[in-house]
Amino acid sequence: MNELTITLLRLGYLLVLWLFVFAIISVLRRDLYGTKITARRHRVTHPVAEPPATERNLAGHTPALPARARLIVVEGPLSGTTVPLSGVSVVIGRAPDCTLVVDDDYASTRHARIYPSGDEWFIEDLGSTNGTFVDGQRLAEPVALHPGTAVRIGQSVVEIRR
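Rules behind the numbers
Along each chain, residue indices are assigned from 1 in the same order as the chain's sequence is written. The predicted origin of the model limits local features to residues at a pLDDT of at least 70 and limits the giving and counting of side-chain atom pairs to 80 or more, whereas totals for whole chains, interfaces and linings rest on all residues. With hydrogens and water stripped out, all remaining heavy atoms of the structure feed into the side-chain values. Any pair of Phe, Tyr and Trp rings, taking the six-membered ring for Trp, is counted once the centres come within 6.5 Å. Such a pair is stacked with planes under 30 degrees apart, edge-to-face with planes over 60 apart, and tilted for the rest. Only runs of H or I of at least four residues qualify as helices and only runs of E of at least two qualify as strands under DSSP, and these elements are numbered from the N terminus. Note on classification: 1.4 Å probe, protein chains only; a residue is buried when its accessible area is under 20% of the maximum for its type, exposed when over 50%, partly exposed between these limits. Only when the NZ atom of a Lys or the CZ atom of an Arg is both within 6 Å of the ring centre and within 35 degrees of the ring normal do we say a charge sits over the ring. Between any two strands, pairing holds if DSSP finds at least two bridges. Joining through side-chain atoms within 4.5 Å is the link that ties buried Ala, Val, Leu, Ile, Met, Phe, Trp, Tyr and Cys residues into a set, and such a set is a nonpolar core. In this analysis, two residues are considered to be in contact whenever any of their non-hydrogen atoms come within 4.5 Å of each other. Given the number of residues in a helix, its expected span is that number minus one, multiplied by 1.5 Å.

(A) Molecular detail of the packing of aromatic side chains. Scanning the entire structure with this criterion turns up 2 aromatic pairs. With a centroid separation of 6.0 Å and 35° between ring planes, the pair formed by Trp18 and Phe22 is classed as tilted. Here Trp18 pairs with Phe22, and both are found in helix α1 (residues 3-33), just 4 residues apart, close to one helical turn. Look at Trp18 and you get partly exposed, because its relative accessible area is 47%. Across from the ring centre of Tyr115, 4.2 Å away, lies the NZ or CZ of Arg113, which sits over that ring.

Right, here's the structure in full:
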């Protein structure tokens, strides 16, 4: 081989080594500093108004739990945050597409789901690493939630209230 080929091989090898070093630094930087989290604007929740007459049943009563319930964060970084429960499921986790996004190292990307069934709300763990706890007991299967029941997800505690 001539000297030019050997020099080009050395330069190519050096370039590949430097690319590898920069890739390692990039991964370490992401691990140390985490992903960039943008601040979310906190929505102001207003008191729930009386439902329209079309939502009342024949006896003149308002629907049971799903129409008037709300999910409140009582402990943790989002303390005081309120999510109205309007008959659709609420997913809690770190993923940006979750209904309630918790920025917590102990919460999974999609940690737990609260969903209505009839006149009750149920909670299920979505395969989280650190588990979901209802009144101090780790969830193994979906459990009915009653108003005031404490649910611990990572460092946050949420409750359903009317």
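(B) Quick peek at the pairing of strand β1 (residues 70-75). Summarising the sheet, β1 and strand β2 (residues 82-84) pair through 3 bridges and their orientation is antiparallel. Paired with Arg70 across the two strands is Pro84, which belongs to β2. Here β1 folds back onto β2, and the loop between the two strands holds 6 residues, one of which, Gly76, carries a positive phi near 110°.

(C) Up close: the nonpolar core. Judged by nonpolar contacts, the single largest core of 22 residues is most densely connected at Leu71, Ile92, Leu100, Ile114, Ile123 and Ile160. Of all the elements in the fold, those that place two or more residues in this core are β1, β3 (90-93), β5 (112-117), β6 (120-125), β10 (151-153) and β11 (156-161). If near-sequence neighbours (up to four positions away) are discounted, Ile160 is found in contact with Ala69, Arg70, Leu71, Leu85, Ile114, Trp121, Leu145, His146, Pro147, Gly148 and Thr149.

(D) How the structure looks around α1. Between its terminal C-alpha atoms α1 stretches 45 Å, which fits the 45 Å expected from 31 residues at 1.5 Å a residue. Where burial is concerned, little of α1 is hidden: 0 out of the 31 residues are buried.

(E) Looking closely at the environment of Val143. By secondary structure assignment, the location of Val143 is in strand β9 (residues 143-145). Sequence-wise, Val143 and Glu124 are 19 residues apart; in three dimensions their C-alpha atoms are separated by 6.7 Å. Every residue in contact with Val143, bar those within four places of it in the chain, is listed here: Trp121, Phe122 and Ile123.

The quantities given are spatial measurements derived from coordinates; they are silent on function.
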